[in-house]
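A structural walkthrough
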Amino acid sequence: MLLQRTLTALLLAPLAILLILWPPTHVFAPLVSLAFLMALWEWTRLSGLKDLGVRIGLLAVAAVLFALLWWARDSALWPVLIGAGVLWWAVACLWLRHFAFGAAPTRENQLFKLGAGALVLVPSWVAAMSIHRDQPHGHGWTVLALVIVWAADIGAYFSGRLFGKRKLAPTISPGKTWAGVYGAFVAGALVAGAGGWLLDVRGTHLVGLILLSMVTVVASIVGDLLESLMKRHAAVKDSGSLFPGHGGLLDRMDSVFAALPVFAAGKLLLGL
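To keep things clear, this report deals only with the structure shown in the data block.

Each value, and the rule that gives it
Residues numbered from 1 in each chain as written. Predicted model: local features only at pLDDT ≥ 70, side-chain atom pairs only at ≥ 80, totals over all residues. Heavy atoms only, no water. Helix = DSSP H or I, 4+ residues; strand = E, 2+ residues; numbered from the N terminus. Rg over C-alpha atoms; globule rule 2.2 N^0.38 Å. Contact = heavy atoms within 4.5 Å. Lys, Arg positive; Asp, Glu negative; His and termini not counted. Charge placed at Lys NZ, Arg CZ, Asp CG, Glu CD. Buried < 20%, exposed > 50% of the residue type's maximum accessible area, 1.4 Å probe, protein only. Polar contact = N/O pair within 3.5 Å; in protein donor to acceptor, adjacent residues only side chain to side chain. Phe/Tyr/Trp six-rings, centres within 6.5 Å; stacked < 30°, edge-to-face > 60°.

A word on the overall build of the protein chain. When its secondary structure is counted, the protein chain shows nine helices and two strands. In summary, the protein chain has a C-alpha radius of gyration of 18 Å against a globular reference of 19 Å for 272 residues, a match within 12%. Its C-alpha atoms give the protein chain principal-axis dimensions of about 50 × 50 × 35 Å. In the protein chain, 74% of the contacts between residues at least 6 apart in sequence involve partners at least 24 apart. Charged side chains in the protein chain number 20 positive and 12 negative. The centres of these two groups are separated by 7 Å.

So this is what it looks like as structure tokens:
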């Protein structure tokens, strides 16, 4: 497992960082939209939607929605959607506590899960665009948001392996432990402190950024658990097969989708 994680990171991390740092946001937007559409395709599968035509139709609707949101990029709609994303992840915590909700393969549960997918992906897309287009260091801030999540995942893995005893959510994801959570906090805070310093953040703003990183880590863990819950309801091991031996795009990006709206909202509130 460690070897698989390492090889995947060595392949994907440089590509993701290049994708963030190289293009201007008007080029970044369609590239990221493609990734989000691929994630939506996997989400529709986990939701129990089997009709191929309807799944393709939902992708077309999402593509048009992303284009319209880009056109409205200077409106007040973007902060509202980011706030809706933050609120959704608070609600998702309640769903995790009542994990059996939505498990039955009914039409109503399918629609609920498709709606949840919209609340996962749309605010996250807006947050990614909002951070990336921010001046003067939007590209760097986007990388930092991503690296905080990656570092938290690595910190959780090693801390959980070394010290993990008490399970975090054994019914949903048996491998996660509270020790892993603490390791994720430490790793995320260290990366936020170093990254913030490189982005010329000092004093109380740097302290605020470190605190924001910890809240962002919480969101990333909730995002990971929510996708695990979806997979348990769907009785599948992986969200897809995009990465042979490593699952689908959602398996790699579930934490990031949850973290981005929280990080973007905190960045706005802190004036960073």
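On to the side chain of His132. Relative to the helices and strands, His132 resides in helix α5 (residues 107–133). His132 sits in the buried class, given a relative accessible area of 0%. A distance of 2.8 Å separates a polar atom in the side chain of His132 from a polar atom in the side chain of Thr25. With residues near it in sequence (within four places) discarded, His132 still touches Ile20, Pro23, Pro24, Thr25, Phe28, Gly138, His139 and Thr142.

Take the packing of aromatic side chains next. Per the stated rule, a full pass over the model turns up 12 aromatic pairs. Ring plane angle 85 degrees and centroid distance 6.3 Å describe the contact between Phe36 and Phe66, whose orientation is recorded as edge-to-face. Of this pair, Phe36 sits in helix α2 (residues 25–46) while Phe66 sits in helix α3 (residues 52–71), and the two are 30 residues apart along the sequence. Judged by relative accessible area, which is 5%, Phe66 ranks as buried.

Let us look at unusual backbone geometry. Backbone torsion omega between Gln135 and Pro136 reads 5 degrees, so that peptide bond is classified as cis. Take Pro136: it is sitting in the loop between α5 and α6 (138–163). The backbone phi angle of Asp200 is positive, close to 65 degrees, even though this residue is not glycine. By the element assignment, Asp200 lies in the loop between α7 (178–198) and α8 (203–234). With a relative accessible area of 55%, Asp200 lands in the exposed category. The phi dihedral of Ala235 falls on the positive side, at around 60 degrees, and the residue is not glycine. By the secondary structure assignment, Ala235 is in the loop between α8 and α9 (249–270).

Now for the environment of Leu96. Its place among the elements puts Leu96 in helix α4 (residues 77–97). Look at Leu96 and you get buried, because its relative accessible area is 10%.

Interpretation note: all reported values are geometric properties and have no functional meaning in isolation.
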